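So the chains spell out like this:
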Amino acid sequence: MNVLIYTGSGTASKSGERTAAMLRSILQGRFDVVPVGSDVLSHEDSPWQATTALLVFSEDKDAFGEMLGDRGIRAIRDWVQAGGKYLGFGEGASFACRKIQRGIDESASRQHHIVSAVAYISPKPAATQLKILFTHGFIVKDLQLATSSPLHFGFDKETENMKVLATYGAEPAGLIFSGKPAIVQSSFGKGTVLLCGPRICDPSEADSSAAYPVLGTLLQQLSAINDPPLSHFKNDVGSSQFILVSSEGFRHGSWVKNFISNHGGQSGGRIVVDSVNSFNFVNVADDNFDSPDLPDSEECFVSVFYSEDNSWEALSKSGVPLKFNLETYFSHLESDRNISGLHAICCDFGSDVLYSPSTTSTQTILEKNYKLSQHVPSGLVCIASHQSSGRGRGANSWISQEGCLQFSMTLHHKDPKSAVFIQYLFGLAVVDGIRTCEGYENIPLRLKWPNDIYCFSCEGDEKVLKKIGGVLVNSSYQNGFFNIVIGCGLNVANRKPTLSINDLIMQHNIEFSDRSPLPPLTLERVLSRVLVTFEKMYGTFSQQSQFAFEPFLELYYSYWLHSDQYVYLKDQKVQARIVGVDASGLLKAEGIETGALYLLQPDGNSFDMMKGLISKKYSTGKEIEVENKSDPQNDRRPEAVTEIDVL
């Protein structure tokens, strides 16, 4: 999920930059902080709404309304009313109010306001003392604020849903806003609005040492941050520490030795300086083993601990904390392979594991380090309990939380024609691997083209679509084959900020209370199921001579969200229906009246892959923008034509 910061041309650059920096620092590992302009918020399809947890309007000296227009203002208002969360500072707070009063004579009413409060802006410069009076036991020290135009709020006593969280202090004496509401919270429909008059994110008005705890408390009020604190996700040293282990024997021995001998240079040849990271392979079975003492600044330094006898006792000497139970994972892997019949053939996927409790990005480790990529075996899995810079499709980030399964796997693939379908096959393995577990067949996981894992969640009497994971595939051509790195992030057990697979299991147990309850799934169990399912599918996939994905189309269509989904081709004013995937990996759509066929491809929209499709007609190849329409109530095959926001 995203935290969006409005950065239209009216927003002060230093203030906007500091707001983004503060939010990233506080929310690291929970949300992706994304600056957006008026073009995104006022887009006619509002693709940002489905993936946004919090919308932030920072300080601004100009009118927001002129930048956003009626369409943007209505989109924000509708989103908050449907359950969104709005946080405004300074004029960003007054933007949500029904009236803005500057001094005695100047006032302006807002037709499309979000809350009924009035924002009072003093025209006289003054130094103020802000005393935070939070409810729910939050205590933050007084904030000294030097502001050029103090802003406070007023509202009718009858406004029951307005709550004062902070007031201005009584000093200096005689100020007309002393004791006035400085920070207020209100509900709007199903949403929450938090307005902060003081410009705490403006570096010229508030010291960062005091502003950080205030902003942190505001985010707690909005349930945007929860324990554990950030230190929980960080290593004791600035570098990343990995354990390299195999399911049986010292499988990785040869490639590690070749990697070091071909590229090693420092510390007796153990350290390899690669494209992005520097790797130090340390044999913990060595009698002279000593954990490397690295400075905090070495953020790109990766220590890899291994044991030539693959001994758990020896590996424990590395001191790397294990938040993923590798022994349990390997046990599941052996059991799942026996059940699937894979033990009759050579098994590679998931047998070699590179694990770290915290790193930047598993995808970057395996893909962006050219020397390493030439040596790691096909099927090696890189797992991290926390990623500080996880990667998604295009410019997207993948934000990791505790309970989220995040990993990358190498794959050596020869056929160039079928490479595009690897992402489809892996996404299918994720969904099918979980839904073919005994008892878990009805867990409502779905596939969203081209690379997302979605689910239907019960919210009251409604079924709501929510993203629960995604797949990222990168490839390069080396030595006669494609070196593919498959990245996957899947929320297995974390309820914040979005839904998890175990939440779906809980909903299933409530719905089918007459049956024995299903136990929650562990990260180790899910990873084993996904990799074994993918390896079995890939065995069939790699043997096809023509359309490699064809044997899986029926199963793929049974899980995806787009069968009989309607799209509107705006340029030609043609309504079409999605009919499948073609041999090149694009969506096929058929004109309702003409029967003409179109190929649909994504336009790279970071927020919603189905809200900005570009279509290519088979006969002309002309690109046409399309509008997506579908029905979220149909659990498997949407057929209706009512527009929705969640797709």
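Everything numeric here is computed off the predicted structure, so don't read it as measured data.

Draft legend 1. How the structure looks around the sheet that holds strand β15 (residues 271-273). Strand order in this open sheet of 11 strands is β15-β16-β17-β14-β18-β19-β20-β24-β23-β22-β21, and the pairing throughout is mixed. Only two strands of the sheet have a single neighbouring strand rather than two, namely β15 and β21 (445-448). With strand direction ignored, the average angle separating the axes of adjacent strands in the sheet is 20°. Sheet analysis places strand β20 (residues 404-413) next to strand β24 (residues 481-491), joined by 10 bridges and oriented antiparallel. In the sheet register, L411 faces β24, and the bridge partner there is I484. Relative to strand β22 (residues 452-459), helix α12 (residues 501-511) is tilted by about 35°, and along the sheet it contacts β21, β22, β23 (462-478) and β24. On top of the sheet, helix α13 (residues 523-541) reaches β19 (381-384), β20 and β24; it is set at about 25° to β20, its chief contact.

Draft legend 2. Structural view of the nonpolar core. Membership of the largest hydrophobic core comes to 85 residues, with the highest contact counts inside it found for F407, F426, F534, F549 and Y556. In terms of nonpolar packing, the next biggest core, distinct from the first, is built from 32 residues, V36, I76, A93 and I100 among them.

Draft legend 3. Region of interest: the environment of L465. When you line up the elements, L465 lands in strand β23. In the structure, L465 is positioned 20 residues away from L445 in sequence and 9.8 Å away in space, judged by C-alpha atoms.

Draft legend 4. Geometry of empty space enclosed by the protein. Inspection of every chain in the model, using the stated rule, returns 2 cavities of 30 Å³ or more. The space that makes up the largest cavity amounts to roughly 50 Å³. Lining of the largest cavity is provided by Q423, Y424, G427, L447, K448, W449, P450, N451, D452, I453 and Y556. Looking at the lining of the largest cavity, the elements with two or more residues in it are α11 (422-435), β21 and β22. Considering each element in turn, the lining of the largest cavity owes the most residues, 3 residues, to α11.

Draft legend 5. Just the pattern of salt bridges, in detail. Counted under the stated rule, the structure contains 5 salt bridges. As a salt-bridge pair, D564 and R577 come within 2.8 Å of each other at their nearest N and O atoms. Here R577 lies in strand β26 (residues 574-581) and D564 lies in the loop between α14 (553-559) and β25 (566-569), a separation of 13 residues in the sequence. Its salt-bridge partner being E590, residue R577 comes within 3.2 Å of it at the nearest N-O pair. Of this pair, R577 sits in strand β26 while E590 sits in strand β27 (residues 587-591), and the two are 13 residues apart along the sequence. A single network of salt bridges, built from pairs that share partners, joins D564, R577 and E590.

Draft legend 6. Quick look at the confidence of the model for the protein. On average, residues of the protein carry a pLDDT of 77, and 72% of them reach 70 or more. Per-residue pLDDT stays below 50 along residues 393-397; that stretch engages in 13 contacts with residues further than four places along the chain or on separate chains.

Draft legend 7. Quick peek at unusual backbone geometry. The omega torsion across W449 and P450 is 5°, close enough to zero to call that bond cis. Relative to the helices and strands, P450 is located in the loop between β21 and β22. Phi at D564 takes a positive value of approximately 60°, unusual for a residue other than glycine.

The rules behind each value
- Residues numbered from 1 in each chain as written.
- Predicted model: local features only at pLDDT ≥ 70, side-chain atom pairs only at ≥ 80, totals over all residues.
- Heavy atoms only, no water.
- Pairing = 2+ DSSP bridges.
- Helix = DSSP H or I, 4+ residues; strand = E, 2+ residues; numbered from the N terminus.
- Axes fitted to C-alpha atoms, helices over the stretch in contact; angles between N-to-C directions.
- Contact = heavy atoms within 4.5 Å.
- Core = buried A, V, L, I, M, F, W, Y, C linked by side-chain atoms within 4.5 Å.
- Buried < 20%, exposed > 50% of the residue type's maximum accessible area, 1.4 Å probe, protein only.
- 1 Å grid on protein atoms, 1.4 Å probe; cavity = no way out; pocket = protein on both sides within 12 Å on 5 of 7 lines; lining within 4 Å.
- Points joined across faces, edges and corners; volume = space filled by probe spheres on them.
- Salt bridge = Lys/Arg side-chain N within 4 Å of Asp/Glu carboxyl O.
- pLDDT = per-residue confidence, 0-100.

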